[in-house]
Amino acid sequence: MKKHIDNASKWVNRGGPSPTDYEEFNSWLEEIAGEVEQGQMASQTLSDLQDAFGEALSPKTLQGISLRKPRGYAGDFEVIDRVYQRSLTTDPDLIKWDNFFLNTRAAHAVRNRKAYFIDLMNSVVEQSEEERLEILNVASGPARDVFEFFNQHHEGPNRDRHIQFDCVEFDDVAILYAQTLCFEYMENINFMKANAFRFTTEKRFPLIWSAGLFDYLDDRRFIFLTKRLYEFVDEGGELVIGNFSDYNPSRPYMEVLMDWRLHHRGPEVLTQLARDSGVPENMIYIGKEPEGINLFLHLKK
Ligand SMILES: C[S@@+](CC[C@H](N)C(=O)[O-])C[C@H]1O[C@@H](n2cnc3c(N)ncnc32)[C@H](O)[C@@H]1O
């Protein structure tokens, strides 16, 4: 253990890893993750190791916010939006840490999922002949994806088509933040404070999107919510669920330093969960963003 504490102090004294150190730093985190997995490191020891990072794991850094979870869970709207915007700490002594966080493969995957969403939206708009399209976005967080979609849509060839979003989110502060961000599009967005598990609607949507929620759910809750949301999909429409893959090179960093635990699921597991939710085999399709880390379970109807 002493060797790990000494190593933590080494990185802290350097102000964090520089890009040329990333490989070495990641290998060390993998070594620790291996020890935790094999039961060679108790949770108290892991917490002592985290303490050795001092300010580098304080709320001044992205990894510190993720560890401390001020909103009750990792990956809150603030962290996610800072990933989208590549927003760094204002403390110059801690910048290397935020740069490391923002350059992880997982952070790239999160930024890529915003592009995936915008592409998906554009193809839904192009394929539909409806003048007005209503979309359901579950666990909308900062709604940066919706905001950027509208920025492009209002300049694009389909700008005459009316797009309306219903955004379900249970965190008041996330809603306030998203409303401020999307101020100019508020006629087209209805933010609803609700727990996704209790949300219900009479509407039927051509697209229901949910990213950054299902990978926090165990299989039982995954199936429950999939069944429920699939009911709200219109005939010919689809439910698209984002979930981190079992291939995630950033997992040791997330788990060792941030206690950021997700239900990582590969394509076979996601497909089986879709079957278990009653979705016919020929309606299931798995997509992925360029990193191959964030998978998207498409359930057509
Ligand atoms: C990781 S963020 C993802 C935000 C957004 N979908 C994105 O991809 O940028 C997850 C969001 O889900 C919200 N959330 C988590 N559980 C929820 C639930 N049961 N019902 C509604 N919102 C929930 C959180 O408050 C948070 O804003």
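The sections below set out a description of the structure shown in this document. (Residues numbered from 1 in each chain as written. Predicted model: local features only at pLDDT ≥ 70, side-chain atom pairs only at ≥ 80, totals over all residues. Heavy atoms only, no water.)

### As for the packing of helix α5 (residues 77-85) against helix α6 (residues 95-102)
Here comes step 1: At their nearest, the axes of α5 and α6 sit 10 Å apart, and the two run at 85° to each other. What the angle tells us is that α5 and α6 run roughly perpendicular. Note on element contacts: α6 touches α5 through Asp-98, Phe-101 and Leu-102, opposite Val-79, Arg-82 and Val-83. (Axes fitted to C-alpha atoms, helices over the stretch in contact; angles between N-to-C directions. Helix = DSSP H or I, 4+ residues; strand = E, 2+ residues; numbered from the N terminus. Parallel < 35°, antiparallel > 145°, perpendicular 65-115°, else oblique. Contact = heavy atoms within 4.5 Å.)

### Concerning the site of the ligand
Here comes step 1: Tyr-73, Tyr-84, Ala-139, Glu-169 and Ala-196 are the nearest of the 19 residues found near the ligand.
Here comes step 2: Residue Asn-195 places a side-chain N or O atom 3.0 Å away from a nitrogen atom belonging to the ligand.
Here comes step 3: The protein chains hide 95% of the 600 Å² of surface that the ligand would expose on its own.
Here comes step 4: Of the pockets mapped on this structure, the ligand occupies the largest pocket.
Here comes step 5: A per-class count over the shell around the ligand returns 11 nonpolar, 5 polar and 3 charged.
Here comes step 6: Here the shell around the ligand spans two domains, and each of domain 1 (2-103) and domain 2 (107-300) adds at least three residues to it. (Near = heavy atom within 4 Å. Polar contact = N/O pair within 3.5 Å; in protein donor to acceptor, adjacent residues only side chain to side chain. Areas by Shrake-Rupley, 256 points an atom, 1.4 Å probe, with all protein chains shown as cover. 1 Å grid on protein atoms, 1.4 Å probe; cavity = no way out; pocket = protein on both sides within 12 Å on 5 of 7 lines; lining within 4 Å. Sits in = over half its atoms within 2 Å of the grid points. Nonpolar A, V, L, I, M, F, W, Y, C, P; charged D, E, K, R; others polar. Domains from an automatic or database assignment.)

### Notes on the nonpolar core
Here comes step 1: Core analysis: the biggest nonpolar cluster contains 40 residues, and Phe-25, Trp-28, Phe-53, Phe-101, Leu-257 and Trp-260 have the highest contact counts within it.
Here comes step 2: The set of elements that each furnish at least two residues to this core consists of α1 (2-13), α2 (22-37), α3 (43-51), α4 (62-68), α5, α6, α7 (105-127) and α11 (251-258).
Here comes step 3: For this core, the element with the most residues is α2, which contributes 6 residues.
Here comes step 4: Among the domains, domain 1 (2-103) and domain 2 (107-300) are the pair contributing at least three residues each to this core.
Here comes step 5: Not counting chain neighbours up to four residues away, the residues in contact with Phe-25 comprise Trp-11, Pro-17, Phe-53, Trp-97, Phe-100 and Leu-257. (Core = buried A, V, L, I, M, F, W, Y, C linked by side-chain atoms within 4.5 Å. Buried < 20%, exposed > 50% of the residue type's maximum accessible area, 1.4 Å probe, protein only.)

### Brief notes about unusual backbone geometry
Glycine aside, the phi torsion of most residues is negative, and most peptide linkages are trans.
Here comes step 1: Non-glycine residue Lys-69 carries a positive phi angle of around 50°.
Here comes step 2: In this structure, Lys-69 sits in the loop between α4 and α5.
Here comes step 3: Despite not being glycine, Arg-86 has its phi angle at roughly 55°, a positive value.
Here comes step 4: Positionally, Arg-86 belongs in the loop between α5 and α6.

### As for a negative patch on the surface
Here comes step 1: Taken together, the side chains of Glu-129, Glu-130, Glu-131, Asp-160, Asp-234 and Glu-235 present a region of like negative charge at the surface.
Here comes step 2: When you line up the elements, Glu-129 lands in the loop between α7 and β1 (132-138).
Here comes step 3: Of the residues examined, Glu-129 reaches a relative accessible area of 79% and is grouped as exposed. (Patch = residues over 30% accessible without salt bridge, like charges linked within 9 Å, V, L, I, M, F, W, Y side chains within 5 Å. Salt bridge = Lys/Arg side-chain N within 4 Å of Asp/Glu carboxyl O. Lys, Arg positive; Asp, Glu negative; His and termini not counted. Charge placed at Lys NZ, Arg CZ, Asp CG, Glu CD.)

### Observations concerning the layout of surface pockets
Here comes step 1: Approximately 770 Å³ is the volume found for the largest pocket.
Here comes step 2: Around the largest pocket sit 45 residues that line it, and Tyr-73, Gly-75, Gly-212, Leu-213 and Tyr-216 are the ones nearest its centre.
Here comes step 3: Of all the elements in the fold, those that place two or more residues in the lining of the largest pocket are α5, α7, β1, α8 (144-153), β2 (162-169) and α11.
Here comes step 4: Of the residues contributing to the lining of the largest pocket, the split by class is 30 nonpolar, 8 polar and 7 charged. (Points joined across faces, edges and corners; volume = space filled by probe spheres on them.)

### Examining α5
Here comes step 1: The element α5 is largely enclosed, with a buried count of 7 among its 9 residues.
Here comes step 2: For α5, the complete set of buried residues consists of Phe-77, Val-79, Ile-80, Asp-81, Arg-82, Val-83 and Tyr-84.
Here comes step 3: Contacts made by the buried residues of α5 are with α4, α6, α7, α8 and α9 (172-181).
Here comes step 4: For α5, the side-chain oxygen to backbone nitrogen distance between the N-cap and Glu-78 is 3.1 Å, and the N-cap itself is Asp-76.
Here comes step 5: Positive backbone phi, at 55°, marks Arg-86, one or two positions downstream of α5.

Coordinates in, geometry out; function isn't part of it.
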